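Understanding the architecture of this molecule
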Amino acid sequence: MKLFVSDGNPHCVKVLAVLEFTGVKCDVKHVNHEERVVPYLSRPALPALLLPSGTHLFSPNSICQYLIELNGQESSDIVNQWLEWEATELQPAVMHALHMVVLQGKGAETPRVLQGPLSYLDQSLSQRTTLFLTAEMVSVADVVLWAALYPILSDSSLVSGNQTLQLWFERVGMLAACVSAAQTVLQGKGLKAESLKTYLQRQPTTHHGQGQVQGRGTQPCNSPEGDDDDDDCVLSEEEIQSAAVTWGKGLTDLPMVPERQHPILPQEGKRNVLVTSALPYVNNVPHLGNIIGCVLSADVFARYGRLRGWNVLYVCGTDEYGTATENKAREEGLTAQQICDKYHAVHASIYQWFQVDFDFFGRTTTKKQTEIAQNIFWRLHERGFLLEDIVEQLRCEACQRFLADRFVEGTCPFCSYPEARGDQCDKCGKLINAVELREPTCKVCSQTPVVQSSKHLFLDLPKLEAELEQWLERSTGSGDWTANAKQITRSWVRDGLKPRCITRDLKWGTPVPHPDFSDKVFYVWFDAPIGYLSITANYTDQWEKWWKNPQQVELYNFMAKDNVPFHSVVFPCSLLGAQDNYTLVNHLVATEYLNYEDTKFSKSRGVGVFGDMAKDTGIPSDVWRFYLLYLRPEGQDSAFSWVDMATKNNSELLNNLGNFINRAGMFVSKFFESCVPAMALQQEDKRLLAQVGWELKQYINLMDRVKIRDALKCILNISRHGNQYIQVNEPWKKIKGDETDRQRSGTVTGVSVNVACLLSVMLQPYMPTVSHTIRQQLNAPPSVTGTLLQGTGNFVCSLPAGHHIGTVSPLFQKLESEQIESLKKRFGGQQPKTTAQPDVNAQPATTPASDPAAQTAVNGADAERARELTLAVAEQAEKVRTLKGQKAEKTVIGAEVTKLLELKKQLSLAEGKDPEPVLTKGKKNAQPATTPASDPAAQTAVNGADAERARELTLAVAEQAEKVRTLKGQKAEKTVIGAEVTKLLELKKQLSLAEGKDPEPVLTKGKKNAQPATTPASDPAAQTAVNGADAERARELTLAVAEQGEKVRTLKGQKAEKTVIGAEVTKLLELKKQLSLAEGKNPEPVLTKGKKK
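Residues numbered from 1 in each chain as written. Predicted model: local features only at pLDDT ≥ 70, side-chain atom pairs only at ≥ 80, totals over all residues. Heavy atoms only, no water.

Things to note about the overall build of the protein
Test applied: Only DSSP runs of H or I covering at least 4 residues are called helices, and only runs of E covering at least 2 are called strands; the numbering of each starts at the N terminus. The cut-offs for exposure are 20% and 50% of the maximum accessible area for each residue type, with area from a 1.4 Å probe on protein chains only; residues under the lower value are buried, those over the upper are exposed, and the others partly exposed. Contact criterion: two residues are considered in contact whenever any of their non-hydrogen atoms come within 4.5 Å of each other. A 1.4 Å probe and the Shrake-Rupley method give the accessible areas. Residues count as covered only by the protein chains that appear here.
A tally of regular secondary structure across the protein gives 38 helices and 20 strands. The buried share of the protein, taken over its 1093 residues, is 53%. Contacts in the protein between residues at least 24 apart in sequence constitute 76% of all its contacts with a sequence separation of at least 6. Accessible surface for the protein amounts to roughly 49,100 Å². Of this, 51% is attributable to carbon and sulfur atoms.

Here it is as structure tokens:
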């Protein structure tokens, strides 16, 4: 393996840094900028990596990712997103800035070019709780972004502000790999390196905009758009001419896609694609997160597949069995079947409004479900893959029934999350047996359930483990599994599979056919995925051609990440064990979570938009689809925001996409009597065709790999290209000029309206109504929808000269701020009239005699109110943790902490306890400020410690200490460990304050054997410590001495500056002095300067 690099090439800094960072062994050869290392490219491409197979990699980030994988590491999805953002957003801006500074001497203008990406990066770093981009330790993303920014940020005069970014840049720059790479390529001189100037002089001028060099991708989720001032795309002459040739083919030379005819069955010689989305629970109205995570994402991909000419079948339906349905029926006074009928219709109506184009939307409460599930069960039983065992289950005596997993909530045994469900923890993702929960409660009545035994059947997963792993290796290796799906599956298998219970003591479910278990039904996670098969069977009696045909059928599963283990482990094991040639998933596509503003969706609290509410907002379903897909949580959680939705609608849809399509059509109508004019292509027009064709190919490449959100950006990029093309050529002015100008106006108009026609096809999976409207307005031939996306994409002239278009009108409407504020308020949650949601903004006060409820709460416990407040406290605490994790404004966090403390006070009242007083900051034994007699609460607060704060800080200290131990065990960078140790010491200081103790004092420098200073009478704490031992203080100081000693040893091991070590040694000596005082001993005296005699 050989890596080719050239001096002065900034792209080579990153690959050399990553090479040293990973420790991969590789020959490095320095060549000149003009050397064509990759033989089949028409121009030089460096750096380049020659693989043992003879293949070349010549994309810098591809080389970096290859080196990571070669080192046995896996790139996380967030790392991959940062690498993509660097290549598509940051690198074009940096290269443009380098040209301006080094070659044009326009250093003063670089902040404008770099403002967007640098601000985004600074903002992302500020919002993280970690020292680096993705974790507490340096990742390859940090190294690559540092290398890209090195030439710019090494000159502090070019950029100002962005303090967080500067600190991060300095931290990463301390790595030996980064220092070495910068020295090798740019001689450590950054912008002043002569080799950099030589390199740049040989490169084409770049502009910061869309589609340069490696093309434009997208920022990590919810990121702002970058500058879009220029549109130059680096295209070869061959690519431009090829685009013109393709354009000239027209529609007649391309094959058409036939219309759908039901039932859709696999066809020989076709790509047969079976698409499923996770079956929604029938008793829940889906919210926006449910919709984007499953049915909408699958719908976009299915629509796209049909446009590509694939033979696609998309099935889904409601999951209707289980305790949730029984409970809903009890609540509404209906039978379980009536509940299923009612809410199945609700789901179907919602998905119809969102234009989800199922081939069949079914349900699981059918005879086919019973037949197929029982058949799989018997095949597993006959082949020895089922076990019997006694299970301890939670039973609620108040409800008189065994509790299904989702009706138990408690503290996770793994991560201590207080709201873990009985089957899975939403925080750490681990699967749980309900009896493992700490402090479990019944979600129906809030009583504590008891444990009872019952005999059940288990799927013997350990017996199927070897076969599962072989299948997983094939499927994940050849299919498009999302990174989170791979990671979740890997972690589940790595921990070792255990037998999984497949039966439950319920009434509403698929009955177990075994005579010894006739009083039981199948557990939902054995039964529900079989619904895919039974729903298909209800669609066509030839269902087995889809589900028992792995040779001809590709299966795509769409879901949110919490469903992954059941689709990647449990269900595949059921089908593998049945040994009936079942079709297993080839591509498992899982999203992260979509939140609502800064919290979670909650139907009961009125927080968030649910499917049945969206149509009442007056916003068209296509706009909802667009925005949900724009922020689809592909690599990390994202959040719905009303303000952001309005911004994207008004900027991307109205001003960008809609503006271009409307202008193109209006020019045809106004200037050419609705008839597409003749087009005489010039080089500029051909360049646009090539740019658009390139974006089309990117769109197809991304969609083929189910990168739905990223592909949407290609559409918006094309309309940006089109808007600038129109703006530069000004057809509205040229139409008034001479014959040459009028002909030029016609060409620009004709090309533009053809770009609009292409956009209508690319939009069809995302915004089907808008797509259809555009094609109607342009009177586009029906064949465009089945031809333009064939192969690698065909941007042809679909509206030739002489084509008559229809009536053109605006596609989108502006979302006004007043409308958005009204909707935000409407869906932001409201306080119910009952006491379920306490008033967290109320000011604490003494309980007035006129408030009997409050008086009662003080004098005696209110169990119902306490339960409500316990939930409210947990929710508010989660909100505070989220805000802290996002590094929100301190005033915002402070306001939420105040609400949390007030809720806790109300909880104490409801439990019949005295609420904990609010403390003022102060030190132990300090003289208190005079407390006004009119403020008894303040008087109480001064006299006691802040117990609640102390409890929180005790946990924080323990967590931070564990973090430090982990980093030390991982042998992390010493600077990283040092920073975390500093955080730990600060937390301990805060804990001392919260406990009403004096934090460790700042020491004065001194030497051993000096005469001790007399203990002033004004320091009673010190006086007391001398006269008698303080055992509690002594224990604390023993720990502090040990930690400070460790810090000194770490600094010495790092060979830090002597002044730094000296300062820490001084602190250590002072701590030892305090320890002696606390133990009732005479401390070692503070020395005056001098030498020991």
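There's more to say after this.
Here's the deal with the packing of aromatic side chains
Operational definition: A pair of aromatic rings is counted whenever rings of Phe, Tyr or Trp (Trp by its six-membered ring) have centres within 6.5 Å, and the orientation is called stacked for planes under 30 degrees apart, edge-to-face for over 60 and tilted otherwise. Comment: the charge-over-ring label is applied if NZ (Lys) or CZ (Arg) is within 6 Å of the ring centre and within 35 degrees of the ring normal.
Summed over the entire model, instances satisfying the criterion amount to 35 aromatic pairs. Between the aromatic rings of Tyr 596 and Phe 640, the centroid separation amounts to 5.6 Å while the plane-to-plane angle is 10°, which identifies the pairing as stacked. Here Tyr 596, found in strand β19 (residues 594-596), pairs with Phe 640, found in strand β20 (residues 638-640); they are 44 residues apart in sequence, far enough to count as distant. Phe 640 shares its class with Tyr 596; the two are buried. Among the aromatic residues, ring-to-ring pairing joins Tyr 596, Phe 601, Phe 610, Trp 624, Tyr 627, Phe 640, Trp 642 and Phe 827 into one connected group. Across from the ring centre of Tyr 523, 3.9 Å away, lies the NZ or CZ of Arg 504, which sits over that ring. Over the face of the ring belonging to Tyr 630 we find Lys 713, whose NZ or CZ atom lies 4.3 Å from the ring centre.

Side note on the sheet that holds strand β14 (residues 500-501)
Note the cut-off: Each pair of strands is called paired provided DSSP finds at least two bridges between the two strands.
What the four strands build is an open sheet, ordered β9-β8-β13-β14; its pairing is antiparallel. At either margin of the open sheet sits one strand with a lone partner, and together these are β9 (401-402) and β14. Looking at chain direction, strand β13 (residues 450-459) and β14 are connected through two bridges and run antiparallel. Paired with Leu 459 across the two strands is Arg 500, which belongs to β14.

Points about the pairing of strand β6 (residues 311-318)
To keep it simple, the criterion reads: Throughout, right-handed denotes a crossover for which the path from the first strand over the helix to the second runs clockwise when the strands point away from the viewer.
Of all eight residues in β6, eight are buried, a share of seventy percent or more. Every second residue of β6 is oriented toward a common face, with Asn 311, Leu 313, Val 315 and Gly 317 on one face and Val 312, Tyr 314, Cys 316 and Thr 318 on the other, all of them buried. One ladder, built from five bridges, connects strand β5 (residues 272-277) with β6; its direction is parallel. Looking at β6, one finds that Leu 274 is bridged to Leu 313. As a crossover connection, the stretch from β5 through helix α10 (residues 288-307) into β6 is right-handed. Where β6 and strand β7 (residues 360-363) come together, four bridges link them in parallel fashion.

Regarding the pairing of β13
Inspection of the sheet shows strand β8 (residues 386-396) paired to β13 by 10 bridges, in the antiparallel sense. For Leu 394, the partnering residue across the bridge sits in β13 and is Val 451.

Describing helix α1 (residues 10-22)
Residue pairs spaced three or four apart in an α-helix point in one direction, given the helix's 3.6 residues per turn. Let me state the cut-off plainly: Expected helix span is taken as 1.5 Å per residue step, with the number of steps being one fewer than the number of residues. Between N or O atoms, a polar contact is any pair within 3.5 Å; within protein, one atom must be a potential hydrogen donor and the other a potential acceptor, and residues adjacent in sequence are included only when both atoms are from side chains.
Under the 1.5 Å per step criterion, the end-to-end length of α1 is 19 Å for 13 residues, consistent within 8% with the ideal 18 Å. Those residues of α1 lying buried are Pro 10, His 11, Cys 12, Val 13, Lys 14, Val 15, Leu 16, Ala 17, Val 18, Leu 19 and Thr 22. Capping the start of α1 is the job of one residue whose side-chain oxygen sits 2.9 Å from the backbone nitrogen of His 11: Asn 9. Looking one or two residues past α1, Gly 23 carries a phi angle of roughly 80°, positive in sign.

Notes on the side chain of Asp 685
Following the sequence through the fold, Asp 685 ends up in helix α23 (residues 683-704). For Asp 685, a relative accessible area of 0% translates into the label buried. With residues up to four places along the chain from it excluded, the contact list for Asp 685 reads Ala 680, Tyr 725, Arg 744 and Thr 747.

Thoughts on the sheet that holds β5
This is how it is decided: Comment: axis = line fitted to C-alpha atoms, over the contacting stretch for helices; angle = value between 0 and 180 degrees taken between N-to-C directions.
Spatially, the five strands line up as an open sheet ordered β7-β6-β5-β17-β18, and their pairing is parallel. What marks the edges here is a single partner per strand, and that holds for β7 and β18 (587-591). Sheet twist, expressed as the average angle between the axes of neighbouring strands with direction ignored, equals 20°. Looking at chain direction, β5 and strand β17 (residues 553-560) are connected through six bridges and run parallel. Counterpart to Thr 276 in the pairing with β17 is Asn 557.

A closer look at the nonpolar core
Stated precisely, the cut-off is as follows: Remark: nonpolar core denotes a set of buried residues (Ala, Val, Leu, Ile, Met, Phe, Trp, Tyr, Cys) joined through side-chain atoms within 4.5 Å.
Core analysis: the largest hydrophobic core is formed by 182 residues, its most contacted members being Ile 376, Trp 624, Trp 642, Tyr 699 and Tyr 766. Looking at this core element by element, the count peaks at 12 residues for α10. Beyond its immediate stretch of four places on either side in the chain, Trp 642 contacts Tyr 596, Glu 597, Val 609, Thr 617, Ile 619, Trp 624, Ile 820, Leu 823, Lys 824 and Phe 827. Leu 19, Trp 82, Leu 133 and Trp 146 belong to the second-largest nonpolar core, a separate cluster that totals 82 residues.

Remarks on the packing of helix α22 (residues 642-672) against helix α26 (residues 739-763)
Rules: Should an angle fall under 35 degrees it is taken as roughly parallel, and over 145 as roughly antiparallel, whereas 65 to 115 is taken as roughly perpendicular and any remaining angle as oblique. Note on convention: the crossing is left-handed when the near helix lies turned anticlockwise from the far helix by less than a right angle, right-handed when the turn is clockwise. Under the scheme applied here, ten amino acids are nonpolar (Ala, Val, Leu, Ile, Met, Phe, Trp, Tyr, Cys and Pro), four are charged (Asp, Glu, Lys and Arg), and all others, including Gly, are polar.
Taken N-terminus to C-terminus, the directions of α22 and α26 make an angle of 135°; their axes are 9 Å apart at the nearest point. As judged from the angle between their axes, α22 and α26 are oblique. At the point where α22 passes α26, the crossing takes the left-handed sense. Contact residues: Leu 657, Phe 660, Ile 661, Ala 664, Phe 667, Val 668 and Phe 672 in α22; Arg 742, Ser 745, Gly 746, Thr 749, Ser 752, Val 753, Val 755, Ala 756, Leu 759 and Leu 763 in α26. Of the residues assigned to the contact of α22 with α26, the class counts are 12 nonpolar, four polar and one charged.

Notes on the packing of helix α21 (residues 621-630) against helix α24 (residues 708-729)
Running from N to C, α21 and α24 cross one another at 115°; their axes reach a closest spacing of 8 Å. Between α21, through Phe 626, Leu 629 and Tyr 630, and α24, the contact on the second element is made entirely by Ile 708, Arg 709, Leu 712, Lys 713 and Leu 716. Class assignment for the residues of the contact of α21 with α24 results in six nonpolar, no polar and two charged.

Things to note about the pattern of salt bridges
Operational definition: Each salt bridge in this description consists of a side-chain nitrogen of Lys or Arg and a carboxyl oxygen of Asp or Glu lying within 4 Å of one another.
For the structure on display, the rule yields 35 salt bridges. The residue Arg 363 makes a salt bridge to Glu 320 at a minimum N-O spacing of 3.0 Å. Linking Arg 363 in strand β7 with Glu 320 in the loop between β6 and α11 (323-332), this pair joins segments that are 43 residues apart in sequence. Across the pair Arg 744 and Glu 684 runs a salt bridge whose closest N-O atoms are separated by 3.6 Å. Highlighted residues: Arg 744 in helix α26 and Glu 684 in helix α23, separated in sequence by 60 residues.

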